[in-house]
Structures are given as C-alpha cells and as structure tokens.
Amino acid sequence: MSEEYSVGEMPEVLGDIGGTWESESEFAEVDAAGVASAADDGEQLQEQPVVAVVGRPNVGKSTLVNRILGRREAVVQDTPGVTRDRVAYDAAWAGRRFTLVDTGGWEPNAKGLQAAVTAQAELAMSTADVVLLVVDATVGATATEEAVARTLRRSKRPVLLAANKVDDERLLPDVAALWNLGLGEPYPVSALHGRASGDLLDAVVKALPDAPPERVVTGGPRRVALVGKPNVGKSSLLNKLTGEDRSVVHEVAGTTVDPVDSIVELDGDKWRFVDTAGLRKRVRTARGTEYYASLRTKSAIDAAEVAVVLLDASEPIAEQDLRVLSMVVESGRACVLAMNKWDLVDEERRYQLERELDRGLKRIPWAERVNISALTGRAVQKLAPAMRRALASWDQRVPTGQLNGWLSELVAATPPPVRGGKQPKILFATQASTRPPTVVLFTTGFLEASYRRFLERKLRERFGFVGSPIRINLRIREKRPRKSAKKK
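Residues numbered from 1 in each chain as written. Predicted model: local features only at pLDDT ≥ 70, side-chain atom pairs only at ≥ 80, totals over all residues. Heavy atoms only, no water.

Draft legend 1. Representation of empty space enclosed by the protein within the structure. For the coordinates displayed, the defined rule picks out 2 cavities of 30 Å³ or more. Approximately 70 Å³ is the volume found for the largest cavity. Forming the walls of the largest cavity are L403, W406, L407, A429, V439, L441, L455, L459 and I472. Listing elements by their share of the lining of the largest cavity, those giving two or more residues are α13 (400-413), β15 (438-443) and α14 (449-463). It is α13 that provides the largest number of residues to the lining of the largest cavity, a total of 3 residues. (1 Å grid on protein atoms, 1.4 Å probe; cavity = no way out; pocket = protein on both sides within 12 Å on 5 of 7 lines; lining within 4 Å. Points joined across faces, edges and corners; volume = space filled by probe spheres on them. Helix = DSSP H or I, 4+ residues; strand = E, 2+ residues; numbered from the N terminus.)

Here's what the structure looks like:
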C-alpha cells in the first residue's frame, strides 16, 4: 500500500511518471524511456499557396474560415471588428494543402484603428495567390464591396465571390444581383450551417496555382510565443523584429485578438514568432471575445517551445503579470523575460524595479532577463542569444551516472528531513524526459516540498538549466503486505 498524501501534495507528486514502484527493474525502464524521448525528429515544412479571405466588417469571414478549417480556430462574435490582424491557418481540401489568411474588415476611407486593420487586409490581398471576397447576401453589394471589387479587378489575381448567410432557398434570387460586381459567378454559401461550402472549396482548389516543388526542411524554426498583459508592447515587438507592420498596433489595450505568427530571421537563425492576445483576466472569468482570445493564447503557449514574457518596465509589476508568468511555468515552456519600454525607465524606476523583481519573481529566478525597447529597437537583438540558452537548457539531458553520482554526494551532506518518524532514502534518480527536463526520484518515502525545492536549486547550480523549468517527480516504493504467520 502506498503512503497517504494531503490533497495539496497530490498534483506535485503523482503524474505520468510519478506514483509508486515495486522492483528495481523499473529504474532501467524509466531511464531507457528517457533516453528515447531525448531524440527529436524535427519538423517538416512545405511551401503552400495562400488564400486571403477579405470583405467588409461582420459579413462572416471568420465564421467561414472556421467552416473551411473544420474547427473553431478564429475568434467569432456577433459584433463587427473582432478580427483585426491578418491571421494564417493551415487548411486542406481534396488533397490540396493551402494557407488560409483571415483578415479584418476592409473599409474605404477608414481612420484610426480601423485604418490599420484595412491596411492589413490590403496587404493580405496583394500577397495572396487567390482572394476570396465574402459578401453578406442578406444585405447585397454595398459601396464598400464595389470599392473592394474595383481594387481586386486591378490586382490581376484569381478572385472568388462568396455570398454568405444564404441559409435557405429564398435568398438565391438576391445572390444573382452580385454578378454586377464584375468578379464572376457568386457562390451562395452559409458559413454558419455549412451550406454549399464544399462547392466553394472546389472552386478555391481549382483556382490555386500549380503546387510548387516540394521543399522539406528538417528541424524547422523554433516556435516563440510573445505573451504578456494587454498593451505591454507584444505587437510592437513583432513589428520591430519583422521590419513591417505585421500586427495592428494601437494605444487601445486588447488590440490583438487572434494569435499572429511570422517567420523572423534574427541573429542568423529563423524563428517562428507568435503574437498573442493580452491576458487580462483568468480564462474562467473572461467573457465574449476575451474568453476565446484567452483560449487561443493558452494554446499558442502550449504549442510554443519558448515563451518571451513581456513586462512593462515603466510600470509596477501587476498581479496580471504574475498570472501570465504562472501560466508559462505551468505549461513547461522555456522562458525569457523581456523588460520592455526600457527607454522610459529612469534611475529611480530602475531601483524600484529591482526590488519588485526580487519580490515578485521568486518563483522563476532561473529566467533570463533582457532589457529592450520595442519602440526604438534597443537591445532586441539580445533576445536571440537568450532564447538559444533557454532552449538549450530545455533540451538538456543529464546522463544517469553523472546525475546519481552528484545526488549521492548531495544527500550524504544534506539528507532529507525525517517524516513520520522515518527518514526517506533516495535510491535512484534519472532524467525521464526533456522539454521540460523532468527528473524522477525513486525513494522509500515522501520528500517534503521544501527539500524538493532545495534539490532543484542545487541541480541548477551544478548543471545549469538557465531559462528552463525543471520538474521533479517522485516514485515511492510501495509497501508490501506482511506475510501472515504460519499456523502451527
């Protein structure tokens, strides 16, 4: 029978590779599994044609994107202006793979934030292989659609016209009026119900250019998630790194809703950066687009290999900053802290900031800090070396013999504290996995959380692991039932 644990201790101890053990043969099994997991097959990349979905606000572009993808990927709400950036997704139909780009609403003579959204849509149209113009069939062609049609006719690239919100046969006569846009046959569809979406996709695939020669690359760009609270400068940093207005930037907090990814060449290497929505509230308490944006941000963190957490150095560290950091640590990703807006920090603020970091970041003293300014470009080139060091630690594996030799000396000098009148022993240790580094300790009893933190601190002092979380799991020897006394 295994030992009993309190409710608070259970999640820390028991996991996929935690629990109990009976025989020493399990030492070798876990160690062999850890060696096998250290191999990384890399990633295969292939060039794909691009299909841009454009139209004025609230015609159902993101709903149609979700219908084509077959899943709820783009954030959708029954209010105009939810999508702002151009967001790319991998899609496939009839054996053809292509990149589907969702855009914000296109409006002529737009100003302010909407002007930046329109600029992103225009850029998507100019760089796509096929353009899919979505029109609300219940409204018909407005002056905005006529302006878009004139622009698309001059673009000299394939354009398909989707008449959306045709939920029943009664709207079919209204669809015929869309021939006046001069873009060819309108395809009546219902993105909400999926009506005739297959016919539209057949036309999209037919309009795609011939497939480019397959180019397979092993070990693609490392995936980086830019995370932080709203208005901390994530989109500005992505734009500075890419050298273009890849993300919409505005003084209004919460401008980014969908994750925006870009391939960036930085310090001689290519990286896949993902700009995420600012996390304002807990996911369970968020509502509307904020709820779905929070889910997309969490998924982007889980899909990334390293998270660059942006903090506003000019403002005090807030509870929301700590919540974002906790989410990254719990996800097990490598981590780099980017202290943004450093151009606004004076000597007095630097002194206050050091004290705030000492108090607020006790949980992740291992994360490397880089002082940057996304606005001026100050020290952004230092992010690449910091990310490389964090990823090297995230991929690091300590040989079992070296780990046990170090651990035996440490335990001899500082043994585990006595618990329940008995002193637990650590019989064997192995690094069961990487990404993040996970060490499994085979023990005769439970180890207090304070002693596990002590082991983690000493492990970092000896083997490094800068920028990477470390997980320490326990496998406690199961107590065998005593044999009953033989009857005389």
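Draft legend 2. Region of the structure containing the packing of α13 against α14. With their axes 12 Å apart at the nearest point, α13 and α14 run at an angle of 125° to one another. It follows that α13 is oblique to α14 by the angle criterion. Seen along the crossing, α13 lies across α14 with a hand that is right-handed. Every residue of α14 that contacts α13 at Q402, L403, W406, L407, L410 and V411 is listed here: Y451, F454, L455, K458, L459, R462 and F463. Of the residues that constitute the contact of α13 with α14, the class distribution is 10 nonpolar, 1 polar and 2 charged. (Axes fitted to C-alpha atoms, helices over the stretch in contact; angles between N-to-C directions. Parallel < 35°, antiparallel > 145°, perpendicular 65-115°, else oblique. Left-handed = near helix turned anticlockwise from the far one by under 90°. Contact = heavy atoms within 4.5 Å. Nonpolar A, V, L, I, M, F, W, Y, C, P; charged D, E, K, R; others polar.)

Draft legend 3. Fine view of the pairing of strand β8 (residues 222-227). Where β8 lies against strand β10 (residues 269-275), 5 bridges are found, and the strand directions are parallel. Residue pairing in the sheet places L226 in a bridge with D275 of β10. (Pairing = 2+ DSSP bridges.)

Draft legend 4. Region of the structure containing unusual backbone geometry. Cis geometry is adopted by the peptide bond preceding P436, which originates at R435 and carries an omega value of 0°. In this structure, P436 sits in the loop between β14 (426-433) and β15. With a phi close to 55°, D267 is a non-glycine residue in the positive phi region. Within the fold, D267 resides in the loop between β9 (260-266) and β10. Not every positive phi belongs to a glycine, and R435 is a case in point at roughly 55°. Examined against the element boundaries, R435 turns out to sit in the loop between β14 and β15.

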